[in-house]
Amino acid sequence: MADEYVVVSIEQASDAKVLMISVAARMAGMHPQTLRQYDRMGLVQPGRAPGGGRRYSVRDVALLREVQRLSQDDGVNLAGIKRIIVLEQLADELQQRVAHLQAELDAAYRRMAELEALGGLPRRDLVPTTRASTALVVWRPRRSDPSA
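Rules and cut-offs
- Residues numbered from 1 in each chain as written.
- Predicted model: local features only at pLDDT ≥ 70, side-chain atom pairs only at ≥ 80, totals over all residues.
- Heavy atoms only, no water.
- Helix = DSSP H or I, 4+ residues; strand = E, 2+ residues; numbered from the N terminus.
- Contact = heavy atoms within 4.5 Å.
- Areas by Shrake-Rupley, 256 points an atom, 1.4 Å probe, with all protein chains shown as cover.
- Expected span 1.5 Å × (residues − 1).
- Buried < 20%, exposed > 50% of the residue type's maximum accessible area, 1.4 Å probe, protein only.
- Axes fitted to C-alpha atoms, helices over the stretch in contact; angles between N-to-C directions.
- Parallel < 35°, antiparallel > 145°, perpendicular 65-115°, else oblique.
- Left-handed = near helix turned anticlockwise from the far one by under 90°.
- Nonpolar A, V, L, I, M, F, W, Y, C, P; charged D, E, K, R; others polar.
- Polar contact = N/O pair within 3.5 Å; in protein donor to acceptor, adjacent residues only side chain to side chain.
- Pairing = 2+ DSSP bridges.
- Patch = residues over 30% accessible without salt bridge, like charges linked within 9 Å, V, L, I, M, F, W, Y side chains within 5 Å.
- Salt bridge = Lys/Arg side-chain N within 4 Å of Asp/Glu carboxyl O.

Peer 1: Sorry, what's going on with the overall build of the protein chain here?
Peer 2: Each helix and strand counted, the protein chain has 4 helices and 3 strands in total. Its helices and strands taken in sequence order, the protein chain reads β-α-α-β-β-α-α from the N to the C terminus. Of all intrachain contacts in the protein chain linking residues separated by at least 6 positions in sequence, the fraction that spans at least 24 positions is 57%. Accessible surface computed for the protein chain: about 11800 Å², of which carbon and sulfur atoms make up 55%.

Right, here's the structure in full:
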């Protein structure tokens, strides 16, 4: 039986944790014990079946392949790989946050344009600052002695 290679990108892979360790190991081209070791090290976080067995997703398999590539092709040690994975996850989260904030900002600008078109906002400033105040504020300190 010829070895079959399946190309899976991490971005497009499924998150469903349905693959048993033997299947995930075969797909990643690794020994199941290697997957157990990577789980203990925190390089990959498989799900758990009701009986306690590890369950991997297609995304996990793609990540395992990336770990293998970094280790074998680029010579990165496992501690370095773990740091790379954490930083890539952080970068992905930050990119999603930036996209969300950009969408909120765009919506706010659209709303401001709508209000300006209706004449609901002054065109120069959001807060008028041209009014001069002639109010006088007098401050008297409180006396600490109640009988005075």
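From this point, the discussion proceeds with the structure in view.
Peer 1: Please clarify how helix H3 (residues 58-72) should be interpreted in this entry.
Peer 2: Given 3.6 residues to a turn, an α-helix orients residues that are three or four positions apart in the same direction. Compared with the 21 Å implied by 1.5 Å per residue over 15 residues, the 21 Å span of H3 between its first and last C-alpha is a close match. Among the residues making up H3, those that are buried are Asp60, Val61, Ala62, Leu63, Leu64, Val67 and Leu70. Contacts made by the buried residues of H3 are with strand S1 (19-20), helix H1 (21-28), helix H2 (32-41), strand S3 (54-56) and helix H4 (78-118).

Peer 1: I would appreciate a short explanation of the packing of H3 against H4 in the present structure.
Peer 2: Each packed pair of helices is defined by two parameters, the angle between the axes and the distance between the axes. Look at H3 against H4: their axes get within 10 Å of each other, and the N-to-C directions meet at 130°. For the element pair H3 / H4, the angle class is oblique. Judged by the twist between their axes, the crossing of H3 over H4 is right-handed. The segment H3 lies against H4, with Leu63, Val67, Leu70 and Ser71 engaging Leu78, Ile81, Ile84 and Ile85. Broken down by class, the residue content of the contact of H3 with H4 amounts to 7 nonpolar, 1 polar and no charged.

Peer 1: Sorry if this is basic, but what is going on with the side chain of Arg54 here?
Peer 2: Residue placement: Arg54 occurs in strand S3. A distance of 2.6 Å separates a polar atom in the side chain of Arg54 from a polar atom in the side chain of Asp39. Setting aside residues up to four positions removed in sequence, Arg54 forms contacts with Leu19, Met20, Ile21, Arg36, Asp39, Pro46, Gly47 and Arg48.

Peer 1: What's the story with the sheet that holds strand S2 (residues 47-48) in this structure? I'm lost.
Peer 2: Strand pairing in a sheet relies on backbone hydrogen bonds. The paired strands run either parallel or antiparallel. Strand order in the open sheet made by the 3 strands is S1-S3-S2, with antiparallel pairing throughout. Only two strands of the sheet have a single partner each, and these edge strands are S1 and S2. Bridging between S1 and S3 involves 2 bridges; their strand directions are antiparallel. Considered in S3, the bridge of Leu19 is made with Tyr56. Strand contacts of H3: S1 and S3, with the helix running at about 85° to S3, the strand carrying the most contacts.

Peer 1: I keep staring at a nonpolar patch on the surface and nothing clicks. Help me out?
Peer 2: A cluster of nonpolar side chains, namely Leu87, Leu90 and Leu94, defines an oily patch on the protein surface of about 260 Å² accessible area. Topologically, Leu90 is positioned in helix H4.

Peer 1: Sorry, what's going on with the pattern of salt bridges here?
Peer 2: Think of it this way: side chains of opposite charge can pair up when their charged atoms draw near. Taken as a whole, this structure holds 7 salt bridges when the rule is applied. A salt bridge links Glu66 to Arg69; the nearest nitrogen and oxygen atoms lie 2.7 Å apart. Of this pair, Glu66 and Arg69 both sit in helix H3, 3 residues apart, roughly one helical turn. Relative accessible area serves as the criterion here: at 23%, Glu66 is assigned to the partly exposed category. Linking Arg69 and Asp74 is a salt bridge whose minimum nitrogen-to-oxygen distance equals 2.9 Å. Three or more residues joined by partner-sharing salt bridges are found here, namely Asp39, Arg48 and Arg54.

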